[in-house]
Structures are given as C-alpha cells and as structure tokens.
Amino acid sequence: MIVVRSGEELRRALEEARGRGRSVGYVPTMGALHDGHLALVRAARGLDDVVVASVFVNPLQFGADEDFETYPRDEERDLGLLEKAEADIAWLPSAEELFPAGFGLTIAVPRLSNVLCGVGRPTHFAGVTTELGKILIFLAPTAVYLGEKDFQQLVVMRALVRDLGLPMAVRAVPTVREPDGLALSSRNVYLTVDQRPVAASIFRILSELTTQLRGERASVDAVLAEGRQALTRAGVQRIEYLELVDRETLDPVRAAEPGNRLVVAVWVGSTRLIDNMEV
C-alpha cells in the first residue's frame with residue numbers, strides 16, 4: 001500500500017492506472033477505523049481496480065460545541081487496517097491543503113441537509129459536501145463508497161453527484177453491526193459499560209418497529225409514538241428524531257411502503273447515536 005499526503009502525490013500515484021483505463025474506487029473516512037469502514041474498502045476491492053482510502057478529520061463538519069478536538073485519531077492503527085483490507089493507496093491530506101488560507105467555497109444541498117440531523121447540526125452537511133465535493137471533483141473516481149449507517153449523508157451525496165453531473169457511481173454498503181446489534185461507529189468508544197446495553201437497544205427497537213410497520217393495518221403515527229416510549233424506557237436520555245421517511249426525498253411519510261426508511265438519532269449520556277432500517 002502506498003501512503004501519500006499531498007494531492008500531487010496522489011495524482012502521480014494514479015497516473016499509470018488512469019493511463020491504462022483502470023477503475024478507481026474511493027472510500028472517504030475520518031479515521032478511527034472499524035469494520036464498517038473496512039467493509040467499504042472490501043466492497044471497493046471487489047469492484048474496482050484501484051482502491052483509494054482517505055483519512056481526514058474534516059473540521060468543516062463539526063459544530064462549535066462538538067468533538068473535533070477529541071475525535072479519536074490513531075494514524076498508525078488506521079494505516080495497518082487499510083493495508084490489511086488491501087487498499088492500494090492511503091491518502092492523508094492536511095486541512096491546509098484541502099482548505100488553504102482564503103478558502104471561501106461552500107457546496108451545499110440545502111433541501112436534503114436541513115432536515116433530520118441537519119436540524120440539530122445546521123452546518124454539518126454543508127461541511128461534508130464542501131469537503132467531499134472538492135475531493136470528488138479533484139480525484140474523479142469511478143465510484144465512491146458510502147455506508148448506509150449514515151443514511152442522510154448517503155442521500156445527500158447521491159444528490160450532490162447527480163446535481164453536479166459528476167461521472168461516477170455512489171455505491172452504498174450495508175451497515176455493519178456489533179454482535180448485540182449496535183451500529184459500528186467511531187464514537188462508540190465514548191460509551192460507558194453501563195451505557196452499552198442502552199445503545200444496543202436502539203437496534204432491537206428499530207427491528208420491532210419495522211416489523212409493525214410492515215403490517216397491513218399499521219398506523220405510522222402510533223408505531224412511532226410507541227417507539228419513542230420504548231427508547232425512553234430503555235434509558236435513552238434524549239430523542240432528536242424518530243421518523244419514517246422517503247428513501248430519496250427524506251420527507252416524512254405516513255403510509256409505510258417498501259423502501260421507506262425508519263431513521264433515528266438519540267443521545268445516550270453525552271454520546272449522539274444514529275441508526276436506520278429499511279421497511
């Protein structure tokens with residue numbers, strides 16, 4: 001595996017592959033890698049000739065009171081895991097390279113970004129789309145690989161690629177979970193031993209609600225109300241949202257149909273957790 005830190009190094013590393021018409025799969029990460037990230041690398045490995053994985057903690061997607069400074073970082077471990085997963089190139093750009101002095105560009109998809117997670121994190125998705133939009137234009141991969149765990153981000157990025165007319169595929173990879181059902185996240189390390197069972201209950205409750213929503217006579221409002229009560233009983237401190245949404249528009253729906261997504265964001269102690277499940 002080649003490790004590069006500048007855009008010019010990355011361009012040179014890809015010159016031969018591009019000259020030979022080989023496909024390039026791109027996996028963006030913020031490091032603190034877990035098997036969810038590695039599933040993206042393995043998916044790219046199975047479909048593309050060259051796999052590029054980036055490790056970059058993007059300052060633009062953190063709010064003023066969020067955990068940018070304390071976000072887990074372990075470069076040596078991350079590189080070891082990427083090599084084991086058979087990435088070809090690990091790209092570790094600096095903030096100064098991606099956002100040099102005087103940088104003033106914003107790339108945003110407001111309609112999809114201002115709902116759900118965007119209500120409590122109003123600058124988050126503009127930070128994500130500005131960073132990834134710039135990278136995708138520069139890197140021009142054949143495909144970018146994103147996890148279904150952050151379903152809203154997946155929908156936003158699909159819209160970004162479509163609206164910019166970028167000639168690449170956005171490939172979704174299913175959520176990877178712990179044995180107890182908790183969706184893998186770099187922030188799971190913040191959970192205490194006592195909080196882990198509470199966090200794991202999110203998957204169980206979503207599964208139960210999804211089963212109910214598949215019933216012919218299911219009342220969406222009643223199922224969601226029951227779900228909020230179940231989350232509270234399980235020990236969740238705060239529910240940001242629990243909604244059934246259209247898989248493309250993210251609009252709330254009140255008639256369960258195949259492909260709808262049940263999405264949730266909650267706080268367990270000081271840790272914010274998100275998850276979703278297809279109906």
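Predicted model only: the values in this text are computed from it and were never measured. (Residues numbered from 1 in each chain as written. Predicted model: local features only at pLDDT ≥ 70, side-chain atom pairs only at ≥ 80, totals over all residues. Heavy atoms only, no water.)

Enquirer: Before we move on, can you summarise the pattern of salt bridges with the specific residues and values?
Expert: Between side chains of opposite charge, pairing is possible as soon as their charged atoms come close. One pass over the full model with this rule turns up 19 salt bridges. The partner of Arg-272 in a salt bridge is Glu-240, with the nearest N and O atoms 3.0 Å apart. Taken as a pair, Arg-272 in strand β9 (residues 271-278) and Glu-240 in strand β7 (residues 238-245) lie far apart in primary sequence, 32 residues in all. Look at Arg-272 and you get buried, because its relative accessible area is 16%. A relative accessible area of 26% places Glu-240 in the partly exposed class. Residues Arg-261 and Glu-278 are paired through a salt bridge, measuring 3.9 Å at the closest nitrogen-oxygen approach. In this pair, Arg-261 sits in strand β8 (residues 261-268) while Glu-278 sits in strand β9, placing the two residues 17 residues apart along the sequence. (Salt bridge = Lys/Arg side-chain N within 4 Å of Asp/Glu carboxyl O. Helix = DSSP H or I, 4+ residues; strand = E, 2+ residues; numbered from the N terminus. Buried < 20%, exposed > 50% of the residue type's maximum accessible area, 1.4 Å probe, protein only.)

Enquirer: Any chance you could break down the sheet that holds β7 for me, citing the residues and the numbers?
Expert: An order of β7-β8-β9 is seen for the three strands of this open sheet, with the pairing classed as antiparallel. The open sheet has two free edges, formed respectively by β7 and β9, since each of these has just one partner strand. Sheet twist, expressed as the mean angle between neighbouring strand axes with direction ignored, is 10°. Examined bridge by bridge, β8 and β9 share eight bridges and lie antiparallel to one another. Looking across to β9, one finds that Val-264 is bridged to Asp-275. Against the sheet, helix α9 (residues 196-213) makes contact with β7, β8 and β9, and its axis sits at roughly 25° relative to β9, the strand it touches most. Relative to β7, helix α10 (residues 220-234) is tilted by about 155°, and along the sheet it contacts β7 and β8. (Pairing = 2+ DSSP bridges. Axes fitted to C-alpha atoms, helices over the stretch in contact; angles between N-to-C directions. Contact = heavy atoms within 4.5 Å.)

Enquirer: Would you mind going over the layout of surface pockets in detail, with residue names and values included?
Expert: When its volume is computed, the second largest pocket comes out at roughly 190 Å³. Around the second largest pocket, the lining comprises 14 residues; the ones closest to its centre are Val-55, Phe-56, Val-57, Glu-75 and Leu-92. For the lining of the second largest pocket, the class distribution of residues is eight nonpolar, one polar and five charged. (1 Å grid on protein atoms, 1.4 Å probe; cavity = no way out; pocket = protein on both sides within 12 Å on 5 of 7 lines; lining within 4 Å. Points joined across faces, edges and corners; volume = space filled by probe spheres on them. Nonpolar A, V, L, I, M, F, W, Y, C, P; charged D, E, K, R; others polar.)

Limitation: the analysis is restricted to geometry and does not speak to function.
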